[in-house]
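# Observations on the three-dimensional arrangement
Now for the letters of each chain:
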Amino acid sequence: MHGNPEHPLSRGRVCRRMGYHLRWLYHADQLKHPLKRVGERGEGRWQRISWEQALDEIADKLQELKSSYGPESLAFIEGTLRSDFYGIRARFQNLFGNPGNIGNPGNVCYCDIRALRTALTGTPCEAPNIGIARCIVLCGKNVSESDPILWQDIKEKLASQSRPKLIVIDPRQTEAAKAADIWLQIRPGTDTALFLAWINVIIEEQLYDKAFVNEWTFGFEQLKERAAEYTPEKVADITWIPPERIRESARLYAASKPACLLSGVASDQVGLNSIRAEQARICLRALTGNMAADGAEPVVG
């Protein structure tokens, strides 16, 4: 399978998963007809039935659920969007009597990130501009596997005369980590502590954008007080990253402006602390002024 080099977005780059699509589409074991379980769950015993029978049984089950538990008992939950259209399911839920209970990829992907960005910046997303970035931070994002188009853009940028600095925060030495100026082999699930240490260094060493902080933020003194608890020495014990590496990476991120923090779903799925991780990332973007219109992550409405 080959990409279209004239496509304005992909420019001929193809996600590695595309190579499996044709194999899946024409696989001999692909499910093409309704099957009904005839044994106990887990036995793997199924019987082929007609579409009419399948739809009738599903309709009867839905009516039973609605009568017994109410229409709010039905919800659609899924992973990252691969097909289908939310509007169809939203309309079905509306007709079923439950207009508000519909899930989307946000349930498992970027739920905390989007919620925090909306609450703290007024928009669910920033617009990272790696084209102007002098520093790119990858945190919980294995771009070579999960976002190959973005990774190709980053590699082209790294090979250019205006090469940005690359900081990779990942327990594993990924392809991106091998290309990084600084690879922080973090203890899994401790991203928030690392970011608080960065905030500590940036504030203590006066590396933050004072003009942006004064004009567009509030709570700076409270943040300073809180971050003071997370010295690089303390955080080294938490993250397993040496304190000098924490300081070095914080300075590099703050000094190489504009910079962008590109995060994936890894830190968004570590439980309650995932909310704090995104909160700390937002604080870093604001402290460094990268949320400004000329920054690498401007806030867009």
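Residues numbered from 1 in each chain as written. Predicted model: local features only at pLDDT ≥ 70, side-chain atom pairs only at ≥ 80, totals over all residues. Heavy atoms only, no water.

The subject of this paragraph is the packing of helix H8 (residues 191–204) against helix H11 (residues 232–239). Relative orientation of the contacting elements H8 and H11 amounts to 165 degrees, with a least axis distance of 9 Å. Considering their axes alone, H8 and H11 lie roughly antiparallel with respect to each other. Here H8 runs over H11; the crossing is left-handed. Facing Ala 193, Leu 194, Ala 197, Asn 200 and Val 201 of H8, the residues of H11 in contact are Pro 232, Val 235, Ile 238 and Thr 239. Residues belonging to the contact of H8 with H11 are distributed by class as follows: 7 nonpolar, 2 polar and no charged. (Axes fitted to C-alpha atoms, helices over the stretch in contact; angles between N-to-C directions. Helix = DSSP H or I, 4+ residues; strand = E, 2+ residues; numbered from the N terminus. Parallel < 35°, antiparallel > 145°, perpendicular 65-115°, else oblique. Left-handed = near helix turned anticlockwise from the far one by under 90°. Contact = heavy atoms within 4.5 Å. Nonpolar A, V, L, I, M, F, W, Y, C, P; charged D, E, K, R; others polar.)

Right, let's talk about helix H13 (residues 273–287) for a bit. A rise of 1.5 Å per residue sets the reference length of H13, with its 15 residues, at 21 Å; its end C-alpha atoms lie 21 Å apart and thus fit the reference within 8%. Among the residues making up H13, those that are buried are Ser 274, Ala 277, Glu 278, Ala 280, Arg 281, Ile 282, Leu 284, Arg 285, Ala 286 and Leu 287. Positioned one or two residues after H13, Gly 289 has a phi angle of 75 degrees, which is positive. (Expected span 1.5 Å × (residues − 1). Buried < 20%, exposed > 50% of the residue type's maximum accessible area, 1.4 Å probe, protein only.)

Counting buried positions along strand E4 (residues 165–169) yields 4 of 5 residues, so the element is predominantly enclosed. Pairing analysis gives 5 bridges linking strand E3 (residues 135–139) to E4, with the strands arranged parallel. Within E4, the position partnered with Ile 136 by the bridge is Leu 166. Of the strand pairs in this sheet, E4 and strand E5 (residues 182–184) are connected by 3 bridges, and their pairing is parallel. For Val 168, the partnering residue across the bridge sits in E5 and is Trp 183. (Pairing = 2+ DSSP bridges.)

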